[in-house]
Amino acid sequence: MEVIKIRRRSGGVFIPHRFPSDIKNNGKSLKYWIYGEGHKRTNSFEVLDEKLPDKWDRLPWLDIMYIHEKYGLNVSNEYADAKVAGIVSRQNVLSRYALFAKARHLLDPETDREFFNFIKAEYMLSCFGCYMIDIVATDKEFSKADPEYDSENATYKGKPCSMDGYVKAKFGERYAAIIDAMLA
């Protein structure tokens, strides 16, 4: 995917180079659309040399968070839209990014992709700007992925175990600290 940087007085805005964006006049004019603003025209833009993966490559959520950090919501939402229903993708990116920002200092982009995919954000609260981890949904994700963990009965390998205990036993202390940071 190509990315276009639009220069504005308030700073740069990045958008994906796709329909309905249209470059005209031998690359001198850009007609584009931004959520919440509608259609716009500008002569102050550049198509970046950087190539991002195709939106249908099903990137892990952690990779989408790093894209969001660098290019903003308009670009990261393209990838989220391919993972979840379009109407909730924007809130999903915002809530997951808020959780990511809380634990960024603990996350490793090379090793934590799978773990970050387990984390679920509380959707209803995110609609009101309150970004929190959805403990019940996250617990169910762990249970789906590991047949030895039963979130309904709070057991791991047949013994009583909370989600926190499961994360420590299965993934280690650092991952428990990541969840703690997201809960803060």
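Residues numbered from 1 in each chain as written. Predicted model: local features only at pLDDT ≥ 70, side-chain atom pairs only at ≥ 80, totals over all residues. Heavy atoms only, no water.

1. Side note on the layout of surface pockets
If you roll a probe as big as a water molecule over the atoms, it shows you where there is empty space left. The calculated volume of the largest pocket comes to roughly 340 Å³. Around the largest pocket sit 17 residues that line it, and R18, W33, Y35, N77 and R90 are the ones nearest its centre. Counting residues per element, the ones that place at least two in the lining of the largest pocket are strand 2 (11–16), strand 4 (29–34), helix 2 (73–83) and helix 3 (86–103). Top element by residues in the lining of the largest pocket is helix 3. It accounts for five residues. Among the residues forming the lining of the largest pocket, the class breakdown is seven nonpolar, six polar and four charged. Volume-wise, the second largest pocket comes out at about 160 Å³. Forming the boundary of the second largest pocket are V88, Q91, N92, S95, R96, K120, A121, Y123, S126, D134 and A137. Considering each element in turn, the lining of the second largest pocket owes the most residues, five residues, to helix 3. Among the residues making up the lining of the second largest pocket, the classes are represented as four nonpolar, four polar and three charged. (1 Å grid on protein atoms, 1.4 Å probe; cavity = no way out; pocket = protein on both sides within 12 Å on 5 of 7 lines; lining within 4 Å. Points joined across faces, edges and corners; volume = space filled by probe spheres on them. Helix = DSSP H or I, 4+ residues; strand = E, 2+ residues; numbered from the N terminus. Nonpolar A, V, L, I, M, F, W, Y, C, P; charged D, E, K, R; others polar.)

2. Topic: unusual backbone geometry
What you tend to see is this: most non-glycine residues have negative phi, and most peptide bonds are trans. With phi around 55°, N25 is a residue other than glycine that occupies positive phi space. Phi at R58 is positive, roughly 55°, even though this residue is not glycine. Following the sequence through the fold, R58 ends up in the loop between strand 6 (45–51) and helix 1 (61–71). R58 sits in the exposed class, given a relative accessible area of 53%. (Buried < 20%, exposed > 50% of the residue type's maximum accessible area, 1.4 Å probe, protein only.)

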